[in-house]
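Coordinate inspection notes
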Amino acid sequence: MSKEVSAPKKQLVSVGGCYVDMNLANFPFEHTGIPNETEIMGDGYELVAGGSAVNFCRRVQALGTLDTTFVGAVGDDPFAELLRDMLAKENVNAELVEISGVQTAISFNMTSTQGGHIIVGGGEANRHLGAAVIPGIERQLPDAEYLFLGGIYKLRALLPHLEQLANAARAASTQVVIDHGRVPGDASPEIIDMVRRVVLLADVYLPSRDEFMQTWGVETVEAGLDLLAQQAPDLTVAVTDGGNPVRYRSGDQAGAVQPPAIDQVVDVTGAGDTFNSYLLS
């Protein structure tokens, strides 16, 4: 009796910002936020590797359908080694560029008992991830099913080169998946335009409602979907909106899917990244 040989897992290369995340659920703040000069103590906390592209890798790796490689930047500080260790424990292959003189990014994500969400952070390593990593990524593309680009608004040194990377992926028959993340307050029209151009080269685009409307300068999701249908007719778009329906367009098909009801929101950190991972796996 011959032994059945399982097919090798498909490869995923993920590029984006990375953080040491401290997640605090049920943190006691009101809808008005955290008052000035007031000490507030929560209960427990979770320390994990974070960032859109990292969360995507972690969730996909846990599902067991893809082997993942994450490419990002860290500083020359103890948090860099901590980040490597956390990714290794979740079986994510990490190719972290260590940049001298900068700090690894950290993020505090606080969710209140009422479902509010506050994010604060520091560290500038993500902004310094530059074009030097592109040749290494391109060498991996022929063996990769997907190239995931996450949180690219924050990759200021790499952003001008992402069109080159997306074109290289398409030439290698690797599907390009983009979740660009929140639009920062300091995003200039030139930066927004760079993000738009990369999106138009993608195969799959997974923004949230507010991110989508801000990036494309539209007043409704439907208007944005119509715009992209004209500019990139082969692009598959799925726009999340919290507990509201996910609106999508793929070729000639368009519609909305209602997510399952949730009785109590405990923590929204990484919810969109989890959606993305299940959609592609």
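In what follows, the structure referred to is the one given above.
A brief structural summary. (Residues numbered from 1 in each chain as written. Predicted model: local features only at pLDDT ≥ 70, side-chain atom pairs only at ≥ 80, totals over all residues. Heavy atoms only, no water.)

1. Observations concerning the environment of Ala 73
Summarising the element assignment, Ala 73 is placed in strand β4 (residues 66-75). When its relative accessible area of 0% is taken as the criterion, Ala 73 is described as buried. In contact with Ala 73, not counting residues within four places along its chain, are Cys 18, Val 97, Ile 99, Ala 125, Asn 126 and Leu 129. (Helix = DSSP H or I, 4+ residues; strand = E, 2+ residues; numbered from the N terminus. Buried < 20%, exposed > 50% of the residue type's maximum accessible area, 1.4 Å probe, protein only. Contact = heavy atoms within 4.5 Å.)

2. Re the pattern of salt bridges
All told, the structure shown has 12 salt bridges when counted by the stated rule. A salt bridge links Arg 247 to Glu 222, with the shortest nitrogen-to-oxygen separation between them at 3.0 Å. Within this pair, whereas Arg 247 is found in strand β12 (residues 244-250), its partner Glu 222 is found in helix α7 (residues 221-231), the two being separated by 25 residues in sequence. Here Glu 222 falls in the partly exposed class, since its relative accessible area comes to 40%. One network of salt bridges, with partners in common, ties together Arg 209, Asp 210, Glu 222, Asp 241 and Arg 247. (Salt bridge = Lys/Arg side-chain N within 4 Å of Asp/Glu carboxyl O.)

3. Some remarks on the packing of helix α6 (residues 209-216) against α7
Where α6 contacts α7, the two axes come as close as 10 Å, and the packing angle between them is 55°. The angle between α6 and α7 places the two elements in the oblique class. Remark: the crossing between α6 and α7 carries left-handed chirality. Note on element contacts: α7 touches α6 through Val 221, Gly 224, Leu 225, Leu 227, Leu 228 and Gln 231, opposite Arg 209, Phe 212, Met 213 and Trp 216. (Axes fitted to C-alpha atoms, helices over the stretch in contact; angles between N-to-C directions. Parallel < 35°, antiparallel > 145°, perpendicular 65-115°, else oblique. Left-handed = near helix turned anticlockwise from the far one by under 90°.)

4. Topic: the packing of aromatic side chains
Evaluated as defined, the whole model comprises three aromatic pairs. Measuring from centroid to centroid gives 4.0 Å for Phe 56 and Phe 148, while their planes differ by 10°, and the two rings are stacked. Of this pair, Phe 56 sits in helix α1 (residues 52-63) while Phe 148 sits in strand β8 (residues 144-150), and the two are 92 residues apart along the sequence. Judged by its relative accessible area of 0%, Phe 56 is buried. A relative accessible area of 0% places Phe 148 in the buried class. Here Tyr 205 and Phe 212 contribute two aromatic rings whose centre-to-centre distance is 6.0 Å and whose plane-to-plane angle is 55°, an arrangement assigned as tilted. Across this residue pair, the class does not change: Tyr 205 and Phe 212 are buried. (Phe/Tyr/Trp six-rings, centres within 6.5 Å; stacked < 30°, edge-to-face > 60°.)

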